[in-house]
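# Examining the three-dimensional arrangement
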Amino acid sequence: EPEVTQTPSHQVTQMGQEVILRCVPISNHLYFYWYRQILGQKVEFLVSFYNNEISEKSEIFDDQFSVERPDGSNFTLKIRSTKLEDSAMYFCASSEGTVVSPLYNSPLHFGNGTRLTVT
Amino acid sequence: ELKVEQNPLFLSMQEGKNYTIYCNYSTTSDRLYWYRQDPGKSLESLFVLLSNGAVKQEGRLMASLDTKARLSTLHITAAVHDLSATYFCAAVYSGGSNYKLTFGKGTLLTVNP
């Protein structure tokens, strides 16, 4: 079964450094997402992406964050000047959706996540 | 703003017993999702519930949706150890853009022999 793949599985970085988290969504999916989960807490929406642009973003997704689809397969999340509170598991997801409704009748398929540790 | 509340947050049960996890949401939602997460792993889709009265079953798990009560339930029948995991419900606000899932805090289920 097709799956969403994420690299790296674990990233350790120093505060103030930039990190790029990478994802390869399922090939025929049109909608891409980043969520994060701080240890032991709930999963939080960061951003959704469709047709090469951000379709929605949360208040967490400030100027420190950016997303990009640099080619036909990869989807990246860049965090500039990381802070201690950015430490979390970051999940990429994709959905098939429809033009009318990205989530209609189709669940999000999540990758295995990248555990980001900021020291 | 859509809020999703799950209870209980922690559930310890014996093998063979039945139990229900509840998921309440605060505003109109036109679909409800259940996910399973094993420790350190990704979120695995279990059910997508699209309409009032929807019921879906897979093995020992059954999910239902009551949109009038803004309530979804995940019922576990004759629990087995392999069901130990964290279960999340998530809703989509029907008045919004349809891009965002709002998750509950999750229910950590431990099934003891």
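Reference entry: report on the structure contained in this document.

Thresholds applied
- Residues numbered from 1 in each chain as written.
- Chains lettered and ligands numbered in written order.
- Predicted model: local features only at pLDDT ≥ 70, side-chain atom pairs only at ≥ 80, totals over all residues.
- Heavy atoms only, no water.
- Helix = DSSP H or I, 4+ residues; strand = E, 2+ residues; numbered from the N terminus.
- Buried < 20%, exposed > 50% of the residue type's maximum accessible area, 1.4 Å probe, protein only.
- Contact = heavy atoms within 4.5 Å.
- Lys, Arg positive; Asp, Glu negative; His and termini not counted.
- Charge placed at Lys NZ, Arg CZ, Asp CG, Glu CD.
- Disulfide = S-S within 2.5 Å.
- Buried area = accessible area lost by both parts, 1.4 Å probe.
- Salt bridge = Lys/Arg side-chain N within 4 Å of Asp/Glu carboxyl O.
- Polar contact = N/O pair within 3.5 Å; in protein donor to acceptor, adjacent residues only side chain to side chain.

Here we take up the overall build of chain A. When you go through chain A residue by residue, the secondary structure sums to 0 helices and 11 strands. Starting at the N terminus and walking to the C terminus, you meet the elements of chain A as β-β-β-β-β-β-β-β-β-β-β. Judged by the C-alpha coordinates and their principal axes, chain A covers about 40 × 30 × 30 Å. Counting the 119 residues in chain A, one finds 46% classified as buried. Look at the contacts in chain A between residues 6 or more apart in sequence, and 57% of them connect residues 24 or more apart. Counting 9 positive and 14 negative side-chain charges, chain A places the centres of these two groups 5 Å from one another.

Moving on: the state of the cysteines. All names here are of chain B. A full pass over the atoms with the stated rule returns 2 disulfides over all chains. One disulfide in the model links C23 with C89; its S-S distance is 2.0 Å. Taking the torsion about the S-S bond as the criterion, the C23 to C89 disulfide, at about 85°, is right-handed. One end of the pair, C23, is in strand β3 (residues 19-25); the other, C89, is in strand β9 (residues 85-93), and 66 residues separate them in sequence.

Glancing now at the interface of chain B and chain A. Between chain B and chain A, the residue contacts involve 21 residues of the former and 23 residues of the latter. Taken as a group, S42, Y99 and F103 of chain B account for 32% of the area that chain B buries against chain A, more than any other trio of residues on that side. At the surface where chain B touches chain A, the tally comes to 0 salt bridges. Taken together, the connections running from chain B to chain A amount to 5 residue pairs in polar contact (both at pLDDT 80 or more). Taken together, the elements giving at least two residues each to the side of chain B that touches chain A come down to β4 (29-37), β5 (43-49) and β9 of chain B.

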